[in-house]
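# Breakdown of the fold
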Amino acid sequence: MVNRDEIKYSRDNTRIVNVGDVAIGGSNPISVQSMAKIATTDVTGVLDQIERAHRAGCDIFRVSVPDMDSAKSLAEIVKNSPIPIVADIHFDYKLALASLESNVHKLRINPGNIGSAERVKIVANEAMSRDVPIRIGVNAGSLPKDILRKYGKPCADALVESAEREIFILREIGFENIVISMKSSSPMMTLEANMKFSQKYDYPLHIGVTESGFGMQGIVASTVGMTMILSAGIGNTIRVSLTEPPENEVRAAREILRFLDLRRYWVRLISCPTCARCKVDLPDIANRVWDGVKDIKKDIEIAVMCCIVNGPGEASDADIGVACGKNVGLIFKNGKEIAKVNYNEIVSVLLDEIGNLE
Ligand code: SF4
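Keep in mind that what you see is a predicted model, and the values were worked out from it rather than measured. (Residues numbered from 1 in each chain as written. Predicted model: local features only at pLDDT ≥ 70, side-chain atom pairs only at ≥ 80, totals over all residues. Heavy atoms only, no water.)

Time to look at the overall build of the chain. Within the chain one finds 12 helices and 15 strands. In terms of C-alpha radius of gyration, the chain reaches 23 Å, essentially the compact-globule figure of 21 Å for 358 residues. With respect to the principal axes defined by its C-alpha atoms, the chain has extents near 70 × 45 × 30 Å. Scored against the burial criterion, the 358 residues of the chain give a buried share of 54%. Relative to all contacts within the chain whose residues are 6 or more apart in sequence, the contacts with residues 24 or more apart total 64%. One way to put it: in the chain the 43 positive side-chain charges average out to a point 3 Å from where the 46 negative ones average out. (Helix = DSSP H or I, 4+ residues; strand = E, 2+ residues; numbered from the N terminus. Rg over C-alpha atoms; globule rule 2.2 N^0.38 Å. Buried < 20%, exposed > 50% of the residue type's maximum accessible area, 1.4 Å probe, protein only. Contact = heavy atoms within 4.5 Å. Lys, Arg positive; Asp, Glu negative; His and termini not counted. Charge placed at Lys NZ, Arg CZ, Asp CG, Glu CD.)

Structure follows, in structure tokens:
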């Protein structure tokens, strides 16, 4: 494993790549990405997923392009999307060319299956003429066969070599508008590959733990992997891959960034785990408050608490909070108790007060 002090190119001294109006790299904020989960030809459905992801805080959205109809559908998606669109290309370089025709803001190609150097150069020349960046997206599950043979199995060095090979091809025609990702379902392999790469290259890095799963396990796997990488000073853009709707990926990503103090612009909800002292249905209150605030862009803390043990302390430490007793809630704002309300009013009063906060 690489020593953190040996990393030459950390997040802030990577080069900058523009994806539509979102800048990746250098000291730009770490951007959040997600991906469509339905057929690209279902333009209305994809735009709906984009809209929901965008509301949750997505900066860049990726769409798979498995065939020509999908590539053509991208034109309508790009035209109506509020955020930049990335075309995800595997196997057929002509799909990349057609996606450029549809005005996508970035291409993602997979070195393991995009084909010969000549085909990559044809795509890169067209991308260069349109000022469109390319992400070289290396996956442990689809490494080039010769690299897999050389190393025997997927490993960090194989991921880096696969990325390097593609970089050299693009550099031969002077193409430097590059973002790199090296992903594996193993957080440790992903970390090692990204650290090794950052010793040598200043291209911005897209970070993710691929196929991390769904629900709690997927979120924990992504959080463990990304926390290690982001804490090492690496990573300019992230995607949490979950077997869930795009907006859930975005919410998970922004929480990771928030807890690492890398981007703080979303509401944080603190709630007590409950115990025998709790005299209200606190999970219900916390869930209803969360539903009302989960996509609000405010850097504030809300505490939904029970009982006198920790309730008043946590509620008054937060920007806004409630300490619940039997049939009653004490509402705190900026450290002061401002109201005593009935159980049925707790959620509505909290949401009103949150709406009034600057
Ligand atoms: Fe239990 Fe009170 Fe702590 Fe909640 S705040 S876990 S009810 S002691």
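Reading around the circumference, β3-β4-β5-β6-β7-β8-β9-β10 is the order of the eight strands in this closed barrel, with parallel pairing throughout. Looking at each pair of strands side by side, their axes are set apart by 25 degrees on average, direction ignored. Pairing of strand β9 (residues 205-207) with strand β10 (residues 237-239), which is carried by two bridges, proceeds in the parallel orientation. Each residue of the ladder has a partner; that of Ile207, found in β10, is Ile238. The strands touched by helix α9 (residues 246-259) are β3 (31-35), β4 (60-64) and β10; relative to β3, the strand with the most contacts, the crossing angle is about 160 degrees. (Pairing = 2+ DSSP bridges. Axes fitted to C-alpha atoms, helices over the stretch in contact; angles between N-to-C directions.)

Let us look at the packing of helix α3 (residues 93-101) against helix α4 (residues 117-129). In the contact formed by α3 and α4, the axes pass within 9 Å of each other and the chain directions differ by 5 degrees. On the basis of the axis angle, α3 is roughly parallel to α4. Within the contact between the two elements, α3 uses Tyr93, Ala96, Leu97 and Leu100 and α4 uses Arg119, Ile122, Val123, Glu126 and Ala127. The residue makeup of the contact of α3 with α4, split by class, is seven nonpolar, no polar and two charged. (Parallel < 35°, antiparallel > 145°, perpendicular 65-115°, else oblique. Nonpolar A, V, L, I, M, F, W, Y, C, P; charged D, E, K, R; others polar.)

Once that is clear, we can look at the domain arrangement of the chain. Segmentation of the chain into domains returns domain 1 (11-259) and domain 2 (268-355). At the boundary of domain 1 with domain 2, total buried surface from both sides reaches about 640 Å², with 40% on carbon and sulfur atoms. Here domain 1 is connected to domain 2 by three salt bridges. Taken together, the elements giving at least two residues each to the side of domain 1 that touches domain 2 come down to α1 (43-56) and α9. Examining the composition of the side of domain 1 that touches domain 2, we find that five residues originate from one element, α9, more than from any other. (Domains from an automatic or database assignment. Buried area = accessible area lost by both parts, 1.4 Å probe. Salt bridge = Lys/Arg side-chain N within 4 Å of Asp/Glu carboxyl O.)

Throughout the structure, instances matching the rule amount to zero disulfides. This cysteine, Cys324, is not joined by any disulfide, and Cys306 carries the nearest cysteine sulfur, 5.3 Å off. (Disulfide = S-S within 2.5 Å.)

This brings us to the nonpolar core. Phe61, Ile85, Ile89, Leu107, Ile180, Met182 and Phe197 are the most contacted members of the largest nonpolar core, which has 76 residues in total. With eight residues, the single largest contributor to this core is helix α6 (residues 156-172). Not counting residues within four places of it along the chain, the set of residues in contact with Met182 comprises Val138, Leu159, Val160, Ala163, Thr190, Ala193, Asn194, Phe197, Leu205 and His206. Of all hydrophobic cores here, the second largest spans 29 residues; its members include Val267, Leu269, Cys278 and Val289. (Core = buried A, V, L, I, M, F, W, Y, C linked by side-chain atoms within 4.5 Å.)

Near the ligand you find Cys272, Pro273, Thr274, Cys275, Arg277, Cys278, Cys306, Cys307, Val309 and Asn310, and these make up its full shell. Across the shell around the ligand, the residue classes break down as seven nonpolar, two polar and one charged. (Near = heavy atom within 4 Å.)

With that settled, the discussion passes to a nonpolar patch on the surface. Side chains of Met216, Val220 and Val224 sit close together on the surface and give an oily, nonpolar patch of about 300 Å² of accessible area. Within the secondary structure, Val224 is located in helix α8 (residues 215-231). (Patch = residues over 30% accessible without salt bridge, like charges linked within 9 Å, V, L, I, M, F, W, Y side chains within 5 Å. Areas by Shrake-Rupley, 256 points an atom, 1.4 Å probe, with all protein chains shown as cover.)

The subject of this paragraph is the sheet that holds strand β11 (residues 268-271). An order of β11-β12-β13-β14-β15 is seen for the five strands of this open sheet, with the pairing classed as mixed. Of all strands in the sheet, those with a lone pairing partner are β11 and β15 (336-342), marking the two edges. When the angles between neighbouring strand axes are averaged without regard to direction, this sheet yields 15 degrees. As paired strands, strand β13 (residues 320-325) and strand β14 (residues 328-333) are joined by six bridges and run antiparallel to one another. Along β14, the bridge assignment pairs Ala323 with Leu330.

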